Amino acid sequence: MGYDIVWHGRGGQGVVVAAHILAQAAYLEGFGGITSAPQFGPERRGAPLTASTRISSTTIRTVSQVQKADIAVVLDPSLMRIINIAATLNDGGLIVINTNLQPHDFPAYAEYAVATCDALHIANGCGLLKDGSAVVNAPMVGALARASGIISLSSLEKVFTERFKGVLASVNLMAVNEAYVATILKKRGE
Amino acid sequence: MSKAIIMTGNSAAALAAKMCRIQVVAAYPITPQTSITEAISNYVESGELKAEYVRVESEHSALTVCIAASTVGARAFTSTSSHGLLYMHEQVHWAAGSRLPIVMCCVNRGVGAPWSIFNDQQDSVSQRDTGWIQLYCRDNQEIIDTVIQAYKIAEAVSVPVMVCYDGFVLSHTMMPVVVPMQEQVDAFLPPLKTSGHLDTANPRNINPVVFPWRRADSQGVMRDGYMEIRYKLHSALNDARGVITQVNGEYARVFGRDHGGLLWDYNANAAEILIVAMGSIASESMPAIDSLRAQGINVGLIGVRAFRPFPKLEVREKLAGAKAIIVLEKAISYGHDGALACELKAALYGSAVRVPFHSYVAGLGGRDVNAKEIEAAITDSLKQIAEGNLEPPTHWLNCRTE
């Protein structure tokens with residue numbers, strides 16, 4: 001059993017970190033095979049960027065880039081205008097979008113499960129900011145956890161508590177929890 | 001029980017170097033190697049690692065610092081990639097000629113012109129004849145374990161070791177890595193005894209001009225000429241075969257992980273078709289092997305870990321029952337064959353193995369190679385062999401060649 005997850009965002013949004021956090025949480029969840037990698041090459045702030053996480057119950061031997069994902073997580077919805085994310089999804093896949101819209105507002109993705117979460121609003125509300133900008137990667141990991149069911153909130157809490165200390169840990173956890181609760185999932189064909 | 005941590009190949013290499021208690025490190029930034037030396041400089045800055053971190057203006061100087069440090073008996077480490085390795089080329093020879101147990105990570109990257117920051121193995125393979133031991137890793141666990149083994153090997157045979165692994169594909173990909181316990185590493189790799197090269201009580205010249213002939217020194221003792229010194233380096237690399245195997249065995253007993261010494265295999269026993277590969281492309285081949293076997297094709301895999309010294313006899317033994325050999329690799333010897341293919345053909349000359357031989361160059365300059373493409377290549381080769389195309393020139397996988 002396994003999942004390939006691709007994170008779509010822009011340089012500086014914490015795409016690689018989100019993929020890493022998911023990898024750590026999945027490992028805690030008991031998946032023995034994990035890889036997590038950025039799209040290979042140079043990274044520029046603001047430029048479109050992907051990272052991928054492979055999760056499997058057995059050791060992963062493949063190290064090539066993910067071509068088709070089971071789940072796409074979109075940190076910046078403006079990317080959906082320039083990247084055909086549906087073309088990178090396996091049949092029956094799931095797309096999780098950072099947006100203030102609802103799943104039924106994405107009719108182009110009717111063939112897929114669609115989850116939405118207003119991570120920007122949640123990050124701002126929790127004061128999860130870096131250099132004055134809202135950090136959306138942590139709430140989107142929470143949204144992914146809720147929409148996919150692959151990882152539990154308690155595994156995520158462990159990862160965040162190990163990774164961050166003090167106020168930073170509590171602010172991140174607040175955002176993850178709020179996102180988990182606020183995520184709306186529309187299953188395929190609903 | 002050791003704990004697995006999810007980390008990149010570069011993090012694994014840096015952590016291994018720290019656990020080996022390296023004393024001197026000098027390196028110059030180059031993609032995709034840079035995060036190794038960033039991590040090590042953090043270790044030094046925080047006091048976690050008591051080492052001298054020497055900042056230099058080039059890779060040539062980085063290796064020169066390691067040569068000087070190793071000459072006085074310090075455990076020295078550096079890491080580089082591609083043009084960095086080539087810029088230190090003169091000192092790569094010098095380190096081996098001086099018989100210094102330096103360990104260097106080469107995070108494999110293509111070589112310009114034209115510029116590429118992406119992965120292939122042309123950089124380290126082009127340093128084949130410098131007298132270094134070269135070990136190739138297929139995953140991040142092998143990286144941490146191989147760096148630790150590398151010091152043990154280098155210090156046993158007084159030959160530097162290059163630990164090679166694929167840039168980005170491993171250096172920037174995170175996977176679970178079991179971190180050995182420091183006490184176990186300390187017991188496995190005791191502090192380096194001083195080399196005795198430099199001794200104020202016994203001052204002497206190091207690496208003076210040596211003549212073609214043997215001649216007596218000032219005490220009347222006959223000393224080696226250049227050729228004897230070269231013969232000794234060659235012999236040390238030959239002897240290193242046994243040492244690499246033995247160190248791997250000892251490591252497996254202590255740490256519970258066996259990476260195969262000179263080479264490893266996967267479903268190779270009694271396999272009729274044998275794939276040979278080196279580094280991450282060998283790992284990527286494993287799911288292809290699984291898929292082909294599920295279709296009833298009797299195929300297995302041999303992963304070459306030591307490129308120098310080349311495991312000639314071991315390769316012959318592993319390939320003895322093969323009915324066809326297919327090589328997959330990320331380096332080409334321009335105007336001839338794939339680099340690993342050349343070595344294998346030379347190793348098989350004079351043996352009883354006279355079977356169809358196909359080779360593929362793949363993934364140059366970071367072109368993605370996935371298991372499905374490898375499976376298709378093997379299937380295609382088997383079809384060609386059945387049609388009588390027994391030993392074609394090296395194929396260029398997934399490359400427009402018209």
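Refer to the structure above for everything that follows.
This write-up is about the structure you can find in this document. (Residues numbered from 1 in each chain as written. Chains lettered and ligands numbered in written order. Predicted model: local features only at pLDDT ≥ 70, side-chain atom pairs only at ≥ 80, totals over all residues. Heavy atoms only, no water.)

## Re empty space enclosed by the protein
Item 1. Under the criterion given, the structure shown has 1 cavity of 30 Å³ or more.
Item 2. Quantified by volume, the largest cavity comes out at close to 60 Å³.
Item 3. What lines the largest cavity is simply A:Thr35, A:Ser36, A:Ala37, A:Phe40, A:Ser52, A:Arg54, A:Val63, A:Ser64, A:Gln65, A:Val66 and B:Thr173.
Item 4. For the lining of the largest cavity, the elements supplying multiple residues, two or more each, are β2 (33-38) and β3 (48-56) of chain A.
Item 5. Here the element with the most residues in the lining of the largest cavity is β2(A); it accounts for 3 residues.
Item 6. Split by residue class, the lining of the largest cavity holds 4 nonpolar, 6 polar and 1 charged. (1 Å grid on protein atoms, 1.4 Å probe; cavity = no way out; pocket = protein on both sides within 12 Å on 5 of 7 lines; lining within 4 Å. Points joined across faces, edges and corners; volume = space filled by probe spheres on them. Helix = DSSP H or I, 4+ residues; strand = E, 2+ residues; numbered from the N terminus. Nonpolar A, V, L, I, M, F, W, Y, C, P; charged D, E, K, R; others polar.)

## As for the pattern of salt bridges
Residue and element names in this part refer to chain B.
Item 1. Summed over all chains, the structure comprises 21 salt bridges over all chains.
Item 2. Glu-387 is the partner of Lys-383 in a salt bridge, and the nearest nitrogen-oxygen pair spans 3.8 Å.
Item 3. For Glu-387, a relative accessible area of 59% translates into the label exposed.
Item 4. Overlapping salt bridges bring together Arg-128, Asp-129, Arg-308 and Glu-343 as one network. (Salt bridge = Lys/Arg side-chain N within 4 Å of Asp/Glu carboxyl O. Buried < 20%, exposed > 50% of the residue type's maximum accessible area, 1.4 Å probe, protein only.)

## A few points about the interface of chain B and chain A
By convention, interface size is frequently given as the accessible area that disappears when the constituent parts associate.
Item 1. Listed by partner, the interface residues are 23 residues for chain B and 20 residues for chain A.
Item 2. By the criterion of area lost to chain A, the three top residues of chain B are B:Ile6, B:Met174 and B:Asp368, representing 30% of everything that side buries.
Item 3. At the surface where chain B touches chain A, the tally comes to 1 salt bridge.
Item 4. Put simply, A:Arg61 and B:Asp139 hold a salt bridge, and the shortest N to O gap is 2.9 Å.
Item 5. Considering every element that reaches the side of chain B that touches chain A, the biggest residue donor is helix α10 (residues 280-294) of chain B, with 5 residues.
Item 6. Classifying every residue of the side of chain B that touches chain A by side-chain character gives 13 nonpolar, 5 polar and 5 charged. (Contact = heavy atoms within 4.5 Å. Buried area = accessible area lost by both parts, 1.4 Å probe.)

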